[in-house]
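# Chains, contacts and geometry: an overview
The chain contents come next:
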Amino acid sequence: MREDIEDKLRILGSLSVFDTTGIPRPLNLGYNRYKNFIYPAVGFKGKICNLFKVLQTNRCQYNCYYCVNRCGRDTHRLSFKPHELAQLFLHFYKKRWVEGLFLSSGIFPNPNTAQESMFQTIKLVREAGFKGYIHTVILPGVDDRLIAELGKLSDRLSLNLEAPNEQYLSLLSPEKSFHDELMGGLKKINYLYRKNLFKGSISTQLVVGGGAETDRDVLSLSQFLYDKFSISRIYYSGFIPVRDTPFENKLPCLPLREVRLYQADFLLRSYGFKYEELIFDKEGNLFIDEDPKLVWAKHHLELFPIEVNSASMEELLRVPGIGKISAKRIVSCRKDNRLIRLEDLKKLGVVVNRARNFITLAGKMFPYKCKIYSSPRKETQLLLWEEI
Ligand code: SF4
């Protein structure tokens, strides 16, 4: 590989880590020197695929206070030409190192020019016969025409809102307009989706912990987006201070805050909860030491215990420790068998020690002997991908 292309890859590949719209961890391919740019992510039809995650350029005219690419920051600036990046991706694809592309970019010299460059890259990749997964980041303020063209070539379009409203956005990214550029772009993508002109999925990202936004502000926006837009995922990216930015001395976002936001998001997206039902502390944040579903259940003890053998699907999904899969298994299994032991539930995937204080099995209760509701901090940190 040419030395200048290697340089671009090293810099523009590693900087893409700051867009966490996907799993923000490079794949551990020990044999592969390009491993830092390859990420496992949920791609087409929910299948995990290895994505080549890269920026078209790290040049940017904007000055977002948290961003490693902000203008004026003393760093090496590089750009891929569309044919260089297309060839590089196709090379990785032919080697079977990657199955899909995640393409983002800084904004230089203006949104349309930067997005056009991304469009040309993706067009070349498609013209070369690549039919796999492409996730394209739409930049704020680009013309509707470009969004529509990219919608024809992409499996996922995302546009990062960054903050829950105009006021918080002005504290992070003063040059961006929340309503016109960000929500306006998301509305355009949504319009294309609803008119069946874009057949993929839509996502967005919010930076948390960089401004003064509370979890209540963030999740209120999430509920709005799930209700009014066809958004399939919202990503919550915990703020990390970057040297030589106005926010370099700010504290990073607690990793557990991100976990709690994702758990609350699951409740909104998949468990039939409404934002108004979530329980926040007096500052407007989720309780950091307990998952939001457990906190909700503790505030609604009048609804428990529920009898597992007769509860509706909706009731089962409200029990801490019973997730969607285990609830479905319970409903299917109890058609033929009465569930009478905690062991039966364990086999169906229920997190029994979490559920036992909220259920009965054939009328029998199973109270936890020790501390009933509080869960040790160490344990709760492991719960992001567990059923809730
Ligand atoms: S527009 Fe994007 S790349 Fe540019 S400074 Fe803001 S967040 Fe960073």
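Since the model is a prediction, treat every value here as computed from it, not as a measurement. The residue numbering used here restarts from 1 in each chain and proceeds along that chain's sequence as written. Per-residue local features of the predicted model are confined to residues with pLDDT of at least 70, and side-chain atom pairs are confined, for both listing and counting, to 80 or more; whole-chain, interface and lining totals are unaffected and use all residues.

### Here's the deal with the nonpolar core
A set of buried residues qualifies as a nonpolar core if it consists of Ala, Val, Leu, Ile, Met, Phe, Trp, Tyr and Cys joined through C-beta atoms within 7 Å. The exposure scheme places C-beta atoms from the backbone and then counts, for each residue, the other C-beta atoms within 10 Å of its own, assigning buried at 20 or more, exposed at 12 or fewer, and partly exposed in between. Grouped together as the largest cluster of nonpolar side chains are 73 residues, with contacts concentrated most on Phe 52, Phe 89, Leu 101, Ile 138, Ile 189 and Leu 206. Where helices and strands are cited, they refer to DSSP runs of H or I of at least four residues and of E of at least two residues respectively, numbered from the N terminus. In terms of residues, this core owes the most to one element, helix α6 (residues 178-194), which gives 6 residues. Leu 316, Val 319, Leu 339 and Ala 355 belong to the second largest nonpolar core, which has 18 residues in total.

### Some thoughts on the sheet that holds strand β8 (residues 306-307)
Reading across from one edge, β8-β9-β10 is the order of the 3 strands in this open sheet, with mixed pairing throughout. Two strands in the sheet have a free side with no partner beyond their single neighbour: β8 and β10 (364-365). Alignment of β8 against strand β9 (residues 359-361), held across 2 bridges, turns out to be parallel. Paired with Ile 306 across the two strands is Ile 359, which belongs to β9. In short, DSSP must find at least two bridges between two strands for them to pair.

### Focus: the packing of helix α3 (residues 111-127) against helix α4 (residues 144-153)
Here an angle of 0 to 180 degrees is reported between the N-to-C directions of two axes, which are lines fitted to C-alpha atoms, with helices fitted over the stretch in contact. Following both chains from N to C, one finds α3 and α4 inclined at 25°, their axes separated by 10 Å at the closest point. As summarised for this structure, α3 and α4 are arranged roughly parallel, according to the angle between their axes. The interaxial crossing formed by α3 with α4 has left-handed handedness. Mapping the contact onto sequence places Asn 112, Gln 115, Glu 116, Phe 119, Ile 122, Lys 123 and Arg 126 in α3 and Leu 146, Glu 149, Leu 150 and Leu 153 in α4. Ten residues, namely Ala, Val, Leu, Ile, Met, Phe, Trp, Tyr, Cys and Pro, are considered nonpolar, four, namely Asp, Glu, Lys and Arg, are considered charged, and the remaining ones, Gly among them, are considered polar. A per-class count over the contact of α3 with α4 returns 5 nonpolar, 2 polar and 4 charged. For classification purposes, angles smaller than 35 degrees are called roughly parallel, those larger than 145 roughly antiparallel, those between 65 and 115 roughly perpendicular, and all remaining angles oblique. Whether a crossing is left-handed or right-handed is set by the direction in which the near helix is turned from the far one by less than a right angle, anticlockwise for left-handed and clockwise for right-handed. Any residue pair is listed as a contact if its two C-beta atoms, each placed from the backbone, are within 7 Å.

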